[in-house]
Amino acid sequence: MTNHTHTTDSAPIGLLTGKVLFITGASRGIGAAAARLFAAEGAAVVLAARGTDALERIVKEIRAEGGVADAVTLDLADPASIRAAVDRVEELHGRLDGAFNNGAVIQQPGPLDTTSDEDIDAQFGVNFRSHWTAMTAEAALMRRTGGGAIVNTSSIGSRRANPVLPAYAAMKRALNSITETAAVTWGREGIRVNGITPGGTATEMIDEWEAATPGIVEANNAATPLGRMAQPREVAEVAAWLLSDRASYVTGAIVPVDGGAGA
């Protein structure tokens, strides 16, 4: 189908000038797009993921464009590793203004009664507990300088039954809950906490799902009013706004970024 709603990348406007931002899952997909976008918008970025080779390539790219970027190794399954990564942000910059908790792991697609204990444990550890740990550490650093903003990447799959990815969807729905709870808990301290629920996005994770279950992309496009997948940059743009001062009165929101698929 013909689509006239896809716009090219917008020119940077300094949306995040002067901010120190921490991004998890920054080596690929939405996280890598966010790293480039946030830096282009003026932020100093600290990029975290398990694979530092990919991170270092992005860091060099950002620095070559005149931006400020550093990489830190992070294992989202290990709470101590998450706390150490946030400590590294403090060592580098002495403050934290915003965090984009974007790292995730996909489960083996299949019905609830064939989902393995290992998959459930991985989903709990990476897609739920890691965000709890990260938010707590991030807020502790933010409140020293009067506040900040946190954005958590959830999923359209958190909003309804998901018979294909039951554990993934369950942990993402739990993530929505702690996102809202954190917003209420820390609001008086000047810390805003929001979530985004991307729909189908053209990332490596979707490529892996398509390989395991051919037809996923076609089905997504058919079920999406805009008729296509999101580009990672389009999702990162929403996170950038939520982390910016333009969103100063937005907290506790779970914002759909799904081309209308959840409407």
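Criteria and cut-off values
Residues numbered from 1 in each chain as written. Predicted model: local features only at pLDDT ≥ 70, side-chain atom pairs only at ≥ 80, totals over all residues. Heavy atoms only, no water. Helix = DSSP H or I, 4+ residues; strand = E, 2+ residues; numbered from the N terminus. Rg over C-alpha atoms; globule rule 2.2 N^0.38 Å. Buried < 20%, exposed > 50% of the residue type's maximum accessible area, 1.4 Å probe, protein only. Contact = heavy atoms within 4.5 Å. Areas by Shrake-Rupley, 256 points an atom, 1.4 Å probe, with all protein chains shown as cover. Pairing = 2+ DSSP bridges. Axes fitted to C-alpha atoms, helices over the stretch in contact; angles between N-to-C directions. Polar contact = N/O pair within 3.5 Å; in protein donor to acceptor, adjacent residues only side chain to side chain. Phe/Tyr/Trp six-rings, centres within 6.5 Å; stacked < 30°, edge-to-face > 60°.

The subject of this paragraph is the overall build of the chain. Helix and strand counts for the chain come out as 8 helices and 7 strands. Taking 18 Å as the expected radius of gyration for a compact globule of 263 residues, we find that the chain reaches 17 Å, a close match to that expectation. Its C-alpha atoms give the chain principal-axis dimensions of roughly 45 × 45 × 35 Å. Looking at the 263 residues of the chain, the share that counts as buried comes to 50%. Across the chain, the fraction of contacts at a sequence separation of at least 24, relative to all contacts at a separation of at least 6, is 74%. On the chain, roughly 12100 Å² of surface is accessible, and the fraction owed to carbon and sulfur atoms is 53%.

Another aspect to go through is the environment of Val255. When you line up the elements, Val255 lands in strand 7 (residues 254–257). Owing to a relative accessible area of 23%, Val255 belongs among the partly exposed residues under this scheme. Placed 13 residues apart in sequence, Val255 and Leu242 show a C-alpha to C-alpha distance of 9.6 Å. Apart from residues no more than four positions distant in its own chain, Val255 is found in contact with Arg159, Gly195, Ile196, Thr197, Val238 and Leu242.

Strand order in the open sheet formed by 7 strands is 3-2-1-4-5-6-7, and the pairing between neighbours is parallel. Edge strands, defined here as strands with exactly one partner in the open sheet, are strand 3 (68–73) and strand 7. Averaged over all neighbouring strand pairs, the angle between strand axes comes to 20 degrees, with direction disregarded. For strand 1 (residues 20–24) and strand 2 (residues 44–49), the ladder comprises 5 bridges, and the chain directions are parallel. For Ile23, the partnering residue across the bridge sits in strand 2 and is Leu47. Contacts from helix 1 (residues 29–40) reach strand 1, strand 2, strand 4 (98–101) and strand 6 (191–198), with the element oriented near 170 degrees to strand 1.

Further remarks concern the environment of Arg233. Note on placement: Arg233 falls in helix 8 (residues 232–243). The sequence separation of Arg233 and Leu37 amounts to 196 residues, and the corresponding C-alpha distance is 7.5 Å. Filtering out sequence-adjacent residues up to four positions away, Arg233 remains in contact with Asp9, Ser10, Ala33 and Leu37. Reaching out from Arg233, the side chain makes a polar contact with the backbone oxygen of Ser10 at a distance of 3.1 Å.

With that settled, the discussion passes to the packing of aromatic side chains. Given two aromatic rings, one states the distance between the centres and the angle between the planes to describe the pair. Counted by the stated rule, this structure contains 3 aromatic pairs. Summarising the aromatic geometry, the rings of Phe38 and Phe100 are spaced 6.0 Å apart at their centres and angled 50 degrees between planes, so their arrangement reads as tilted. One end of the pair, Phe38, is in helix 1; the other, Phe100, is in strand 4, and 62 residues separate them in sequence. This pair shows no difference in class: Phe38 is buried, exactly as Phe100 is.

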